[in-house]
Every structure is written in structure tokens, then in C-alpha cells.
Amino acid sequence: MQGISINSHQLSQIIANIAKSFDIYGTISSNGKLTFAKTGKFSELIIPTPKTRIPFKKILWANHQAIDELPLNPKIKFAFVGIVNCDVLALDILLKEMSAYDFLPKREDILIISTECKPDDHCFCTAFGHNKITGFDLHIQKDQAGYSIYSGSKIGNKILKENGLNSRKLGSFLKDIKLDSIDKFNDKKLSEEINNRKDHELIWQGVANNCFGCGACTAVCPLCFCTRQDFSNKTDGTSKICLEWDSCFAKSFSEIQNHYDLRPENVDRLYNWYHHKFVRAYKDKKHFLCTGCGRCIKACPAHLNQHNILEAIETNKEVRHE
Amino acid sequence: MNKKLDLKYKEYSIIRREEIAPGINLIRLEGRMDFNPGQFVQVALDHIGEATFAICSDPHEKSYFELCIRGCGNTSDGLNKLLIEDKVKIRGPYGNGWPVKQLWYKDVVLLAGGMGLVPLRPLIFEMIRNRINFDKIYLFAGFRTADHILFEDELKSWQKKLTKVTVAAEQATSKFWGQKGLITEALETTKIDPKKTVALMCGPEIMCPFCNNVLLQKKLKEDQIYISYERRMECGIGVCQHCSVGKYLVCKDGPVFRLDQIKDEVGK
């Protein structure tokens, strides 16, 4: 796909026009840290875009969300600007997972303006075959002359038209994502191998022995949406039931009455994480709850590499350490 | 189009409260709850928390429903302290419940361990109401001690209405009218027809494999055995993943599962 060449002034104008009818969220630098937050200025957006530690889920599936404020029905629609391909895919999967519930806006109510990504050492999206940039309404890619902008939907076309980008000055072609030394998984085989826990018990045990069970991976994962009900008690005596982010690595996650724990060992909890992402979700909706964004690898204090673990399970070899 | 699942609560008032065993209260709530036997509700107590309870009253009762609360956590302890006219927030009912229609014209073996009798109670009411639809009905209810027997008067009255009611207690006093020991012992000595029997069980996790062994020895097939699972439920609608058993979620796909469907998933 060939884009339309635009300069930074035109891009700034497009963003400003979008900001008139949408609440814009994007990857910005705040106090020296990258964060996915509300913004309205083109100058704050970073392209090519590095990944923020916590993804878009903090907006759509917020921690401490009051139940009585659901469904999330913002007066002004969301525009996610500066969201990279793996997160666009993750957003789509999250909306599919939540499609049976009336909690989140529909995909057509969210404008997605993805940006060219800046892969780091932890990325492994191509292992799931996500080499092509997809799922966007508009996509922005940096090139020598400035930027190229691509439309992927009717609303994308409409925005380009409204911004006078009909007389096309053709820009560069849409780049594919290329990651060195990442082989594609066989999705079906991977799911089956993970489902056969007994066949890989030594690998799971080995990983669990090194895992701290801290739940950092679940906090940063765009597709970890486990919650627990909690009360937010206020000093005025009122109380609200909130959805708190929970981690399936937490010791109490599967505990029932009298402290009887159905997943007493770390290996049981760790296996459940992989089982949910690669077996339960795959059987249910034919997708994995992982897009290979690599946030879990970056966040892991025990330096566990989830990509290498998946590779070891798929091929039944020892986990690579690098 | 299916109704979208939500987390909306409704408030109910307590109209009756009775301690039926040490630390176990039967609370009656005013209002209609349209449910199938074996379904459960999520009960929230302001400032404290939320917990899961099986509804244990007659499903045909239109003016009230009942919950049996054993104090063993913050919410259940809090609920046990509530008095008449106090209000609680409830959402549900959730889950699939017992496969009532698949029991029609069959012999039914009901196996309850302790609080496991609670989700079976609505089914027993239902079966007594439509007794003609069922052939033989055997109830085996086991308790830790004779003091912990739940719904004792009803168990006695069910002896006349069901084919056989066996109440067993591991520790029994001389006044105990049931059988000392475990329900598996009573089950072993009971003659059942494997061709037309369906077994339903609910009880502590440890009880089920022992009961399954006896039933399988009696030539029942795995697809004739149903188990109601107890798992940690937070949302009750299949979002939070706390209650997963392998590929299933107990809140959404259960809590009642057929043994052949669930046996390979337990432990995953």
C-alpha cells in the first residue's frame, strides 16, 4: 500500500482537526517517562513510536474501575493516536474478548491512528505472523520527506478527504515489520503443546523455579484483563464496588473458602497464565491473548523470556537463555 | 440477540434468619429470584466484599429465596451478622445449574458432602414436586459430625418422599438417627441400576474422586456423573478468570460439569 506524503505541518493540522471531535490518547513523554495518556498536540507524539510500559488497557480497562460507571461510554469518542501494530491487534482482541459484555466501546467507536513502531530486543510479534501493519483507520509512517499517511477504513478515507488530501502526492510504501532471528510459531501446534501440560512438566517446573510470581508480566500485558471485585470505601461512609486488576500469579487467585488453594504452587499459576492465553482463548475465539509486544519480557525482574519459553514448549527443547 | 452480560446489582431485604448448624445460617430474602436448581448468585456486602452462594430454596417459590451462609471469610462472616430487615446487594443468578430434564424417567443418585447439600436442595424440591417424572431417587448426605447436619427436619421428611435417604456423619453421637461413617460406604452397599442411573454430586474437592470410583465400580459411565464445582468466583460472568478449570470457566460453563467433559481439565 502506498501512502500520501505529508509534512509535519499537515500532520499537525490533521491531529488538531481530529481533536475537535475525539479525545486523543497517545504515546507521549511525561517527566522523562513514556506513557500512554491524553494529549491533543501533535508535538507531543513520538514517531516512530516506542512502546509504553503500560499499554492502552489503562484507559479502556482501567484499574479501580467502578462497576456502576460501566459501560464505558465516553461523551467524546476515543482516538488512539500513536499506537503500534501489536497494540492495535491487542485492542482488537480485547474488544472481541469483551464482546459478550456491555463494558467497552465498540471498535467503530474508537478511532485508531497507528504509527510506525520502533521494535526493541524484546519484540516477537512476527512469531505470530504479525508482519503486516493492519487494523488501523489511519497509519502514520516517517519517511525522508516527512511522513506518509495511509487509510485503512472508511472513516480514515473521510478524515483524509476532510483534510484536503485528495490530490495525492504519493508517499512511501507501507513497511512490513521485520525482526531478526524470530521464527514463526505453528499456532495450532503451540496451543496443543501447551495444553499437554504433562509432556512439558520439566520445562514448566524449571520456569516456575525461576519465576518470582510477582505478576509484573500480567500488569503490563495488554491482554491480561483478570480482575477482582473490591470495595472503595470513602470517608463520607459511601462505598463503591470497583474492578481491580488482579494477577493470576497471586497466591490467593484461586483460593476458595478456608484458604483452600486450588493452585497452591507457582508452577500451577504460571501454567494457568499460558493456558489461558494460548489454549483457552484459542479454543474459544481462535486467537491468542498475546501479540508478541514483549512488554512481559522487559518487565520481568527474573529475566524470563516468554518468547523463548514458548519456543521451548513448541519444540520440546530446553529454554534458551541469552 | 443474546442479552449482554452485566454486573448490575439488585437490593434484597432479609426477612428471616435461622442458625441451622454451628456457624451456618439460612437467610431468607424478600423478592423473586428466577433461577434453575444449582445456579448461584454473587452477594455483595457494602464496605466488606463479595462472595458466591448457591441458591437453596424452592425454585417455584415466588415471594422469597434462601441462601445458606457458612461463616468462613470476611463477606460470609459479615452476612452471618446481619439481622432481619438488613439489605444486601445481589446479582445473578449465574451458571448452568443441574441438568433437570436429563434426569427425567431415570434413577437419580444425589451425593452431598456437607455444604454440598445446599445447591442440591432446590433440585430435591423440584423432584418432589414433579415426583412422577423421576424413577428412584437416592440421596446420600454426609456431614462431619451429627451437629453439622443441615436441614435435618427436611432430610427426615424426604425419607418418605424419596426412594432412600442416607445421612452419614463421621463423628456421631448416640442420639444420631443416621449412619456413622462416610457416604461412600453407604453408596457401596446400595444396589443401583447402571443402565438408567444418573449421579449428581456436590461436596468438598476431596470427596468427588472417592464417590466417582464407587460409581464407576457400579458400572456407571462417566457421562452419567455430574459434579458441581466450587471455585473462586469474582465476576460470575466469565471475565475475571479466577474460576478456570482447564478450558472451562466454572461461572460460565458450569458450575455443573459432566465427568467425561471435565476430568482431563482438572489440574490444568
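Residues numbered from 1 in each chain as written. Chains lettered and ligands numbered in written order. Predicted model: local features only at pLDDT ≥ 70, side-chain atom pairs only at ≥ 80, totals over all residues. Heavy atoms only, no water.

### Section: the overall build of chain A
Here comes step 1: Each helix and strand in chain A was counted, giving 10 helices and 13 strands.
Here comes step 2: Radius of gyration (C-alpha) of chain A: 21 Å, near the 20 Å computed for a compact globule of 322 residues.
Here comes step 3: Evaluated residue by residue, chain A yields a buried proportion of 57% over its 322 residues.
Here comes step 4: Restricting to contacts in chain A with at least 6 residues of sequence separation, those with at least 24 account for 70%.
Here comes step 5: Averaging the locations of the 43 positively and 37 negatively charged side chains of chain A gives two centres separated by 6 Å. (Helix = DSSP H or I, 4+ residues; strand = E, 2+ residues; numbered from the N terminus. Rg over C-alpha atoms; globule rule 2.2 N^0.38 Å. Buried < 20%, exposed > 50% of the residue type's maximum accessible area, 1.4 Å probe, protein only. Contact = heavy atoms within 4.5 Å. Lys, Arg positive; Asp, Glu negative; His and termini not counted. Charge placed at Lys NZ, Arg CZ, Asp CG, Glu CD.)

### Here we look at the pattern of salt bridges
Here comes step 1: Inspection of every chain in the model, using the stated rule, returns 31 salt bridges over all chains.
Here comes step 2: Here Arg197(A) makes a salt bridge to Glu201(A), at a shortest N to O gap of 3.1 Å.
Here comes step 3: Among the residues examined, Glu201(A) registers a relative accessible area of 27% and is labelled partly exposed.
Here comes step 4: In this structure, the salt-bridge partner of Arg28(B) is Glu66(B), at a minimum N-O distance of 2.8 Å. Of this pair, Arg28(B) sits in strand 2 (residues 24-30) while Glu66(B) sits in strand 5 (residues 64-70), and the two are 38 residues apart along the sequence. For the pair Arg28(B) and Glu66(B), a shared accessibility class is recorded, and that class is buried.
Here comes step 5: When salt bridges that share partners are traced, they join Arg28(B), Glu66(B), Arg121(B) and Glu154(B) into one network. (Salt bridge = Lys/Arg side-chain N within 4 Å of Asp/Glu carboxyl O.)

### Describing helix 5 (residues 187-195) of chain A
Here comes step 1: Those residues of helix 5 of chain A lying buried are Leu190(A), Ser191(A), Glu193(A), Ile194(A) and Asn195(A).
Here comes step 2: Along its buried surface, helix 5 of chain A packs onto helix 6 (201-210), helix 8 (266-285) and helix 10 (306-315) of chain A.

### Focus on the confidence of the model for chain B
A low pLDDT means the predicted coordinates there should not be read in detail.
Here comes step 1: Residues of chain B with pLDDT of at least 70 account for 98%, and the chain-wide mean is 92.
Here comes step 2: The ipTM for the predicted assembly is 0.87, set against a pTM of 0.91. (pLDDT = per-residue confidence, 0-100.)

### Section: the environment of Lys132(A)
Residues and elements named next belong to chain A.
Here comes step 1: Structurally, Lys-132 can be placed in the loop between strand 6 (110-115) and strand 7 (138-143).
Here comes step 2: Each C-alpha atom, one on Lys-132 and one on Gly-294, is 17 Å from the other, the two residues being 162 residues apart in sequence.
Here comes step 3: Those residues in contact with Lys-132 that lie beyond four places of it in its chain are Asn-85 and Asp-176.

### Considerations on the sheet that holds strand 12 (residues 225-228) of chain B
All names here are of chain B.
Here comes step 1: Strand order in the open sheet formed by seven strands is 10-9-8-7-11-12-15, and the pairing between neighbours is mixed. The sheet is open, and its two borders are formed by strand 10 (179-180) and strand 15 (256-258), each paired with just one other strand.
Here comes step 2: Lying over the sheet, helix 5 (residues 207-217) contacts strand 7 (107-113), strand 11 (197-202) and strand 12, oriented at roughly 170 degrees with respect to strand 11. (Pairing = 2+ DSSP bridges. Axes fitted to C-alpha atoms, helices over the stretch in contact; angles between N-to-C directions.)

### Regarding helix 2 (residues 117-129) of chain B
Side chains that are three or four residues apart share a direction in an α-helix, a result of its 3.6 residues per turn.
All names here are of chain B.
Here comes step 1: The terminal C-alpha atoms of helix 2, which comprises 13 residues, lie 18 Å apart, in line with the 18 Å expected from a rise of 1.5 Å per residue.
Here comes step 2: Of all 13 residues in helix 2, 11 are buried; the element is thus mostly enclosed.
Here comes step 3: All buried positions along helix 2 are accounted for by Leu-117, Val-118, Pro-119, Leu-120, Arg-121, Pro-122, Leu-123, Ile-124, Phe-125, Glu-126 and Met-127. (Expected span 1.5 Å × (residues − 1).)

### Some remarks on unusual backbone geometry
Here comes step 1: Leu70(A) connects to Pro71(A) through a cis peptide bond whose omega is 0 degrees.
Here comes step 2: Within the fold, Pro71(A) resides in the loop between strand 4 (65-66) and strand 5 (77-83).
Here comes step 3: One non-glycine residue, His64(A), lies in positive phi territory at about 70 degrees.
Here comes step 4: By secondary structure assignment, the location of His64(A) is in the loop between helix 2 (57-60) and strand 4.
Here comes step 5: The residue Tyr105(B) is not glycine, and still its phi comes out positive at about 60 degrees.
Here comes step 6: Looking at the secondary structure, you find Tyr105(B) in the loop between strand 6 (87-94) and strand 7.
Here comes step 7: On the basis of relative accessibility, which here comes to 56%, the residue Tyr105(B) falls in the exposed class.

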